[in-house]
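Structure assessment
Chain by chain, the residues run as shown.
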Amino acid sequence: MLSKVFSPFPILITERLILRQLLVDDEQEIFTLRSDSEINKYLDRQVSSTIEDARNFINQVNENITKNGSLYWGITLSDTNILVGTICLFSFSDENGNCEMGYELLTNFQGQGIMKEAVQKVMKYAFNTIKVKKIEAFLHRDNQSSINLLERLSFRNSDKSGAVSPELLCYRLTNSGNDLK
Ligand SMILES: CC(C)(COP(=O)(O)OP(=O)(O)OC[C@H]1O[C@@H](n2cnc3c(N)ncnc32)[C@H](O)[C@@H]1OP(=O)(O)O)[C@@H](O)C(=O)NCCC(=O)NCCS
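Quick summary incoming for the structure in this document. The model shown is predicted, which means the values in this text are computed figures rather than measured ones.

1. Re the overall build of the chain
Looking only at helices and strands, one finds 4 helices and 8 strands in the chain. Starting at the N terminus and ending at the C terminus, the chain contains elements arranged as β-β-α-α-β-β-β-α-β-α-β-β. Rg of the C-alpha trace for the chain: 16 Å, near the compact-globule value of 16 Å for 181 residues, within the 12% margin. Dimensions of the chain, computed from the C-alpha atoms along their principal axes, are close to 40 × 40 × 30 Å. Considering the chain as a whole, with its 181 residues, one finds that 27% of them fall into the buried category.

Quick look at the structure:
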């Protein structure tokens, strides 16, 4: 059985980042993330057309957290407090002991190792605290930045790749059994 109790919300801290719950005040950054054509190039999701869409999205995400259904962090820079991206864990399965992970960064903040730092922290949280055995990420086969990120963190292409659609890869990381340091 997974340990899914997301209240109080788990704030995660790394060398450069604070991962915190989204606020309605983040609507402008969430709107940019969910409407920018470059960021959404390989993502099959409903884009935000208006600020209201972004606000509704934030409210929906936070409601899912109160139901312990998923976790969604805003990634902020600790020195400036600026929200630069998001990272989430969702589709938890008690039966299979796994969950999915998604992430995105504003274009100006890509190429600095920010997402690697965020994913490393979230991986530890998923394995050590929620006690998942596997984390999976579905991504478009042409999404090279995302492939690079996952491979740097030891995720590997799995047998689920191509199962949902020919373009969609499934990368997976399995916990070795010990808590990650
Ligand atoms: C996927 C995504 C988050 C990757 O972002 P990213 O900035 O490339 O990833 P990282 O934070 O790991 O940064 C790695 C890059 O920073 C560089 N870098 C600079 N300083 C660094 C540091 N201190 N530490 C580590 N890497 C550093 C690395 O060399 C690397 O550059 P390279 O890819 O040119 O070799 C980003 O492309 C994105 O948001 N895409 C749109 C949304 C998306 O597709 N999400 C994935 C859904 S599955």
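That was the structure; now back to the text.
2. Structural notes on the site of the ligand
Lining the immediate surroundings of the ligand are 21 residues, of which Gln110, Gly113, Met115, Lys116 and Ser145 lie closest. Residue assignment for the shell around the ligand shows that the elements contributing at least two residues are strand 5 (98-105), helix 3 (114-130), strand 6 (134-140) and helix 4 (144-152). Taken together, the residues of the shell around the ligand break down into 10 nonpolar, 9 polar and 2 charged.

3. What to know about the sheet that holds strand 2 (residues 17-21)
Reading across from one edge, 1-2-3-4-5-6-8-7 is the order of the 8 strands in this open sheet, with mixed pairing throughout. Among the strands making up the open sheet, the edge pair consists of strand 1 (12-13) and strand 7 (156-157). Looking at chain direction, strand 5 and strand 6 are connected through 3 bridges and run parallel. Residue pairing for strand 6: Cys99 is matched across the bridge by Ile135.

4. What to know about helix 1 (residues 27-35)
By the burial criterion, the buried members of helix 1 are Glu27, Ile30, Phe31, Leu33 and Arg34. Mapping the buried residues of helix 1 onto a view down its axis gives an arc of 165 degrees, with all of them on the same face. Elements that come into contact with the buried residues of helix 1 comprise helix 2 (51-66), strand 4 (83-93) and strand 5.

5. Quick look at the nonpolar core
Of all hydrophobic cores here, the largest spans 39 residues; its most connected members are Ile75, Ala118, Val122 and Ala126. The biggest single contributor to this core is helix 3, with 8 residues. Excluding its chain neighbours within four sequence positions, the residues that come into contact with Ala118 are Leu17, Leu19, Ile75, Ile87 and Tyr103.

6. Here we look at the pairing of strand 3 (residues 71-77)
Within a regular strand, the side chains alternate between the two sheet faces. A large share of strand 3 lies buried, amounting to 5 of its 7 residues. Pairing analysis gives 5 bridges linking strand 2 to strand 3, with the strands arranged antiparallel. Its bridge partner lying in strand 3, Leu19 is registered against Ile75. Note: strand 3 against strand 4, 6 bridges, orientation antiparallel. Bridge pairing links Ile75 to Gly85 in strand 4. Hairpin geometry of strand 3 and strand 4 is characterised by an intervening segment of 5 residues between the two adjacent antiparallel strands and by a positive phi of about 75 degrees at Asn81.

7. Quick notes on the environment of Phe155
Within the element layout of this structure, Phe155 appears in the loop between helix 4 and strand 7. Of the residues examined, Phe155 has 23 C-beta atoms within 10 Å and is grouped as buried. In sequence terms Phe155 and Ser176 are 21 residues apart; their C-alpha atoms lie 12 Å from each other. Each residue touching Phe155, except ones within four places of it in the same chain, is listed here: Ala137, Leu150, Tyr171, Arg172 and Leu173.

What counts as what
Residues numbered from 1 in each chain as written. Predicted model: local features only at pLDDT ≥ 70, side-chain atom pairs only at ≥ 80, totals over all residues. Helix = DSSP H or I, 4+ residues; strand = E, 2+ residues; numbered from the N terminus. Rg over C-alpha atoms; globule rule 2.2 N^0.38 Å. Buried ≥ 20, exposed ≤ 12 C-beta atoms within 10 Å, placed from the backbone. Near = placed C-beta within 6 Å. Nonpolar A, V, L, I, M, F, W, Y, C, P; charged D, E, K, R; others polar. Pairing = 2+ DSSP bridges. Arc of directions from axis to C-beta. Contact = placed C-beta atoms within 7 Å. Core = buried A, V, L, I, M, F, W, Y, C linked by C-beta atoms within 7 Å.

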